[in-house]
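# Fold and contact review
Residues per chain, in single letters:
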Amino acid sequence: MAFMEKPPAGKVLLDDTVPLTAQIEASQSLHSHTEYIIRVQRGVSAENSWQIVRRYSDFDLLNNSLQISTLSLPLPPKKLIGNMEREFIAERQKGLQAYLDVITTHHILSNCELVKKFLDPNSYSVNYTEIALQHVSMFFRSEPKWEVVEPLKDIGWRIRKKYFLMKIKNQPKERLVLSWADLGPDKYLSDKDLQYAVKLLSSCSHPYIYKITFATANESSALVIRPFSEKGTLKDLIYKAKPKDPFLKKYCNPKKIQGLELQQIKTYGRQILEVLKFLHEKGFPYGHLHSANVMLDGDTCKLLDLENSLLGLPSFYRSYFSQFRKINTLEGVDVHCFGHLLYEMTYGRPPDTIPVESFPPAPSVFVVSVLESILTCEAMKNGMPTVSRLLQMPLFSDVLLTNSEKPQFKIPTKLKEALKISKECIEKRLTEEQKLIHQHRRLTRAQSHHGSEEEKKKRKILARKKSKRSAYESGEEHSAKYSNSNNSGSGASSPLTSPSSPTPPSTAGIKFTASDLLPIPFNTLF
């Protein structure tokens, strides 16, 4: 196949899901404008940081681009007169810092290409849509039966994954969607095993897995074709969104927040758990569950993007579960992600924070019971239930599944072993990242404790005590010296001094005053 005959080899090592933080370190006023010097850091390592310089107009341009999200972002207003005054610049800097804090902590905004390019232009300087078009064009040279109808611009959240609406030339009314993606940092299969595994996906048949029409891969990227669904994904249903709209527009700020009906929650939840159980039993790694990766086909949920783990792409919720060392297997990742999905189905929105301290009223106490077993602090520390255990819980155990299609997914033994090794490598990278985050958190707590007012007071008290102790010991030594000198001057032999003892140095010629021989007042020692 001519698809990507000579692409740049290898996977993308950069993990786009690692959070970026940004701190304005200083500002400098030039003749007509002010520049803000910003320190950007990737992850918890201060060594992985760099400086960027931005003007207010750069912030304004970014903010205009983010308006598609319909979020109300706290960008300080423009000011034409007096915008070079020192007090105004200091106040604006505070406002811009608040703006940076919002866009870097908002889960969807922080992962979008616009924000990444603003904060890290060196890593995100290329036009990914153009690259994808070039690769897809190469593919069509050898597969002329398909043709592109239109690009589906930014319908997904991944920066390095692009989508195109397609059709088959001899079936012009049938619509398909093509996705193209770079290989990611968790790609551990050999090129040969990867290509075989990706092609094998089209043979997978399961009532709750969305059918793949065609799939292929090479040493740097992969291409997958599926039927296009006008109804969209489970996330589209929850947010009442149009499938073709950009991700930021669809999901950042829904007009109406409303969860699903209890029966939908039970049925969809049961179907998703069944397919996760199937994949786990097959030894096929997934780790990419979220509501936009679940396609709706009538009243049936079907899992999308099985290829993601093969391609080494990081998970949508990685920045959440990487905080908790107990979530260190892909099975555990799937359960954690299911908790997010169940919360979203129940309340019509994602949780504000993870872990969740308390849950709003739900259609059933059984829903809350499942959520508590996955998303609470106690669950994160003590361990979450397995998929099999979740299926036995009252919320899902009484759901009647009517689909009679027999699942089929034959994975050769040799490929199973390769998938097992790949899974272990993915989990190892996750564990190492969690360890670094844990060490950073401990260090931050220690530094925070060391810098607290209470700790400063304790250190002052200890310093005073140490100073008093030193003064007391110095006073005792001072008294002992004078006492020894006095004994030597009297010429009397000490009963403790033997004839062989060395003669003390002579004190002849030293005059003492009466005050020298007075005892040191007690209160001067303290």
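Residues numbered from 1 in each chain as written. Predicted model: local features only at pLDDT ≥ 70, side-chain atom pairs only at ≥ 80, totals over all residues. Heavy atoms only, no water.

The test is simple: UniProt positions are given in the numbering used here, feature names are shortened, and annotations may be inferred rather than shown by experiment.
The protein is annotated in an unreviewed UniProt entry as PX domain-containing protein kinase-like protein from Lepidothrix coronata. Listed under Sequence similarities (unreviewed entry) in UniProt, the entry text for the protein is "Belongs to the protein kinase superfamily."

## Brief notes about the confidence of the model for the protein
Note the cut-off: Here pLDDT means the predictor's own confidence in every residue, given as a number from 0 to 100. By definition in these notes, contact holds between two residues if any of their heavy atoms fall within 4.5 Å.
Residues of the protein with pLDDT of at least 70 account for 86%, and the chain-wide mean is 88. Confidence drops under a pLDDT of 50 for residues 1–8, and excluding neighbours within four residues, the segment shows 26 contacts in the predicted structure. pLDDT under 50 marks residues 490–526. Its contacts with residues more than four places away, or in other chains, come to 17 contacts.

## Observations regarding a positive patch on the surface
What counts here: Distance thresholds for patches are 9 Å for like charges and 5 Å for nonpolar side chains (Val, Leu, Ile, Met, Phe, Trp, Tyr), applied to residues having over 30% relative accessible area and no salt bridge. Working definition of accessibility: Shrake-Rupley area with a 1.4 Å probe, residue cover restricted to the visible protein chains. The term salt bridge refers to a pairing of a side-chain nitrogen on Lys or Arg with a carboxyl oxygen on Asp or Glu at a separation within 4 Å. His residues and chain termini do not enter the charge count, which takes Lys and Arg as positive and Asp and Glu as negative. Taken as the charge location is NZ of Lys, CZ of Arg, CG of Asp or CD of Glu. Counting from the N terminus, the helices are DSSP H or I runs at least four residues long and the strands are E runs at least two residues long.
Together, Lys457, Lys460, Arg464, Lys465, Lys466, Lys468 and Arg469 give the surface a local cluster of positive charge. Inspection of the secondary structure puts Lys457 in helix H18 (residues 453–490).

## Side note on the packing of aromatic side chains
Here is the rule we go by: Here a pair means two rings of Phe, Tyr or Trp (six-membered ring of Trp) with centres within 6.5 Å. Their orientation is stacked below 30 degrees between planes, edge-to-face above 60, and tilted elsewhere. Whether a charge sits over a ring depends on NZ of Lys or CZ of Arg being within 6 Å of the ring centre and within 35 degrees of the ring normal.
Using the criterion set out here, one finds 16 aromatic pairs in the structure. An aromatic cluster is built from Trp157, Tyr239, Phe247, Tyr251, Phe316, Tyr317 and Tyr320, whose rings are joined through pairwise contacts. One residue, Lys145, lies across the ring of Trp146, its end atom 4.6 Å from the ring centre. Directly above the ring of Tyr251 sits Lys235, whose terminal nitrogen or CZ lies 5.2 Å from the centroid.

## With respect to the pairing of strand S6 (residues 171–182)
Side chains on a regular strand alternate between the two faces of the sheet. As a reminder of what qualifies: A pair of strands counts as paired when DSSP detects no fewer than two bridges linking them.
Bridging between strand S5 (residues 161–168) and S6 involves 8 bridges; their strand directions are antiparallel. Bridging across to S6, Ile168 finds its partner in Gln171. In this structure, the hairpin formed by S5 and S6 is closed by a connection of 2 residues. The sheet contact formed by S6 and strand S8 (residues 221–227) spans 7 bridges and is antiparallel. Paired with Asp182 across the bridge in S8 is Ser221.

## Overview of helix H13 (residues 365–375)
Quick note on the threshold: Only protein chains enter the accessibility calculation, which uses a 1.4 Å probe; a residue is then buried when its area is under 20% of its type maximum, exposed when over 50%, and partly exposed in between. Polar contacts, as counted here, are pairs of nitrogen or oxygen atoms within 3.5 Å of one another; within protein the pair requires one atom able to donate a hydrogen and one able to accept it, and residues that are adjacent in sequence qualify only if both atoms are side-chain atoms.
Every buried residue belonging to H13 is among Val367, Val368, Val370, Leu371, Ser373, Ile374 and Leu375, and all of these are buried. Packing partners of the buried residues in H13 comprise helix H9 (262–282), helix H12 (330–347), helix H14 (377–382), helix H15 (387–392) and helix H16 (394–397). Its side-chain oxygen at 3.0 Å from the backbone nitrogen of Phe366, Ser364 defines the N-terminal cap of H13.

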